[in-house]
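If you want the building blocks of each chain, they are given just below.
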Amino acid sequence: MTLSTVPLDTHSRNGVAELSQITDTHLFADREGELLGVATWHSCRAVVNAMKEELAGCDAILATGDLSQDQSAESYRHFVAMMSELTPPVFWLPGNHDEAPVMQAELDAAGVSQANHLLGEHWQVLLLDSQAQGETCGRLSEAQLTLLDTALEHYPQHHLLLAVHHQAVPVGCAWLDQHNLRNAEQLQVRLARHQANSVVLCGHVHQGFDQVFDGIRYLASPSTCIQFKPLSDDFALDYMAPGWRQLSLYPDGRLSTRVWRLPPNAFVPDFSARGY
Ligand SMILES: Nc1ncnc2c1ncn2[C@@H]1O[C@@H]2COP(=O)(O)O[C@H]2[C@H]1O
Ligand SMILES: [Fe+2]
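Being a predicted model, the structure only gives us computed values, none of them experimental.

1. Let's talk about the site of ligand 1
- In the vicinity of ligand 1, 16 residues are found, and the nearest of them are Asn-96, His-97, His-179, Arg-274 and Tyr-276.
- At 2.7 Å, a side-chain N or O of Asn-96 approaches an oxygen atom of ligand 1.
- About the coverage of ligand 1: the protein hides 84% of its 460 Å² of free accessible area.
- Its atoms largely coinciding with the cavity grid, ligand 1 occupies the second largest pocket.
- Taken together, the residues of the shell around ligand 1 sort by class into five nonpolar, nine polar and two charged.

2. Structural notes on the packing of aromatic side chains
- A complete count under the given rule lists eight aromatic pairs for this structure.
- An aromatic cluster is built from Trp-175, Phe-228, Phe-235 and Tyr-276, whose rings are joined through pairwise contacts.
- In this arrangement the basic side chain of Arg-254 is found over the ring face of Tyr-250, its NZ or CZ atom lying 4.6 Å from the centre.
- Stacked on the ring of Trp-260, the Lys or Arg Arg-258 has its end atom at 3.5 Å from the ring centre.

3. Regarding empty space enclosed by the protein
- Under the definition given, this model contains two cavities of 30 Å³ or more.
- The volume enclosed by the largest cavity comes to roughly 60 Å³.
- If you go around the largest cavity, the residues you meet are Leu-8, Thr-10, Gly-15, Ala-17, Gly-120, Glu-121, His-122, Trp-123 and Leu-249.
- Gln-167, Ala-168, Val-169, Val-171, Val-200, Leu-201, Cys-202, Phe-209, Tyr-218 and Leu-219 together form the lining of the second largest cavity.
- For the lining of the second largest cavity, the secondary structure elements donating two or more residues are β10 (198-202) and β12 (216-220).
- If you tally residues by element for the lining of the second largest cavity, the top one is β10, at three residues.
- Here the lining of the second largest cavity is built from residues that sort into nine nonpolar, one polar and no charged.

4. Concerning the pairing of β12
- Here β12 lies mainly inside the structure; four of its five residues are buried.
- Pairing between β10 and β12: four bridges, direction parallel. Following the sheet pairing, Cys-202 is matched in β12 by Ala-220.
- Pairing of strand β11 (residues 209-213) with β12, which is carried by five bridges, proceeds in the antiparallel orientation. In the strand pairing of β12, Asp-210 is matched with Leu-219.
- In sequence, β11 turns back onto β12 through a hairpin of two residues, with Asp-214 there showing a positive phi of about 50°.

5. Some points on the UniProt feature "binding site: AMP" (unreviewed entry) in the protein chain
- The positions UniProt marks with the feature "binding site: AMP" (unreviewed entry) are His-26, Asp-66, Asn-96, His-97 and His-206. The annotated residues occupy 181 residues of the chain but converge on a single region, no pair of C-alpha atoms lying more than 13.6 Å apart. For the second largest pocket, the lining residues drawn from the annotated set are Asp-66, Asn-96 and His-97.
- Note on placement: Asp-66 falls in the loop between β5 (60-63) and α2 (73-83).
- Excluding residues that lie within four positions of it along the chain, Asp-66 makes contacts with Asp-24, Thr-25, His-26, Gly-95, Asn-96, His-97, Asp-98, His-165 and His-204.
- Separated by 2.8 Å, the side chain of Asp-66 and the backbone nitrogen of His-97 make a polar contact.

6. Considering the coordination of the iron ion (ligand 2)
- Protein-derived ligands of the iron ion (ligand 2) are Asp-66 (OD), Asn-96 (OD1), His-165 (NE2) and His-204 (ND1), with the metal-ligand distances lying across 2.1 to 2.3 Å.
- If you list the donors of the iron ion (ligand 2) from N- to C-terminus, the spacing comes out as D-x29-N-x68-H-x38-H. Taken together, the residues Asp-66 in the loop between β5 and α2 and Asn-96 in the loop between β6 (90-92) and α3 (100-109) connect sequence positions 30 residues apart. Comparing Asp-66 with Asn-96, the two get one shared label, buried.

Basis of the calculations
In this convention, every chain numbers its residues from 1, walking through the sequence in written order. Ligands are numbered from 1 and chains lettered from A, in the order in which they are written. Residue-level local features of this predicted model are given only where pLDDT is at least 70; pairs of side-chain atoms are given and counted only at 80 or more, and the full residue set underlies all totals for whole chains, interfaces and linings. Heavy atoms from the whole structure form the basis of all side-chain values; hydrogens and water molecules are not counted. The criterion for a residue being near a molecule or strand is simple. One of its heavy atoms has to lie within 4 Å of it. Side-chain atoms alone can form a polar contact between residues adjacent in sequence; in general such a contact is a pair of N or O atoms within 3.5 Å, and within protein one must be able to donate a hydrogen while the other accepts it. Per-residue and other accessible areas follow the Shrake-Rupley method at a 1.4 Å probe size, with only the shown protein chains counted as cover for residues. Cavities and pockets are defined on a 1 Å grid built over the protein atoms alone: a cavity is a set of grid points where a 1.4 Å probe fits but cannot escape, while a pocket is an open set with protein on both sides within 12 Å along at least five of seven lines, and lining residues are those with an atom within 4 Å of any such point. Whether a molecule lies in a cavity or pocket depends on its atoms, and more than half of them have to be within 2 Å of the grid points. Classification convention: Asp, Glu, Lys, Arg as charged; Ala, Val, Leu, Ile, Met, Phe, Trp, Tyr, Cys, Pro as nonpolar; all other residues, Gly among them, as polar. Ring pairs shown here join Phe, Tyr and Trp side chains whose ring centres sit within 6.5 Å, with only the six-membered ring taken for Trp; geometry is labelled stacked below 30 degrees between planes, edge-to-face above 60, and tilted in between. Put simply, a charge is over a ring when the Lys NZ or the Arg CZ is close to the ring centre, within 6 Å, and near the line of the ring normal, within 35 degrees. Grid points are joined across faces, edges and corners, and a volume is the space filled by probe spheres set on the points. Secondary structure elements follow DSSP: runs of H or I of four or more residues count as helices, runs of E of two or more count as strands, with numbering from the N terminus. Accessible area is worked out with a 1.4 Å probe on protein chains only. A residue is then buried under 20% of its type maximum, exposed over 50%, and partly exposed in between. Pairing between strands requires that DSSP locate at least two bridges from one strand to the other. UniProt positions are given in the numbering used here, feature names are shortened, and annotations may be inferred rather than shown by experiment. By the convention used here, residues are in contact when the closest approach between their heavy atoms is within 4.5 Å. Nitrogen, oxygen and sulfur within 2.8 Å of a metal are treated as its donors, or within 3.2 Å for sodium, potassium and calcium (Na, K, Ca); water is not counted, so a site can appear incomplete.

Below, the structure written as structure tokens:
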């Protein structure tokens, strides 16, 4: 496994790289398929429609896993069909619900980039695979950690946006934090040695999150379908609407970001559900 690098062209002003993140679409082969009362194709459709309005100047879109709920080829085709409506190139990594070979085949066939490293003038974006076969939690293999080592060795002055499906720090939901990135410290020791800024971006937790631990900023983002309630020990859904994240990467290493959401009460889930 080697770095597959593509240029991160900054079409926007003053060398600022503009990215968007879409995550945890949980699509089914059947467009009417529901996850806890939310028809995930329809909620993803609505998010993508809303995203389109905000993509002017966007340089790349990051899809951070759990794209499928049923691991079907058709579910990935639905994803690709929606992404093909967007102008910026899309880059992806797998989540615990994904079936990586099926996903890879479908995304390859559709020409979605397999690159795992985007290199701009001041920033690099690295997409890592944290899937642990058959498990809900995540783990970075030696091969994935080597990718990180290589990126940091080759581009020590570049600020790093590291995208990975699982959360590397607790988000404060006990039931979700048991499904975390198990060897997060392997990542953290490497980022601590990096001379430039590091920001870690994940999906998986279906909620907005933005906190700094030991000088590293950790971001998580809403799903395009169901949302999990922040700071709940037991499984709990949230009233917040589906959404996505927008990120601006500045030449001096600053990163500004915001979460966009559909209007309140769009795609209300079944609040009696206790899990899936
Ligand atoms: N009630 C529950 N308790 C613990 N884990 C759960 C529960 N319900 C679902 N999960 C798992 O937690 C995961 C969190 O997000 P995912 O979409 O990856 O998939 C979810 C399920 O695999
Ligand atoms: Fe997940």
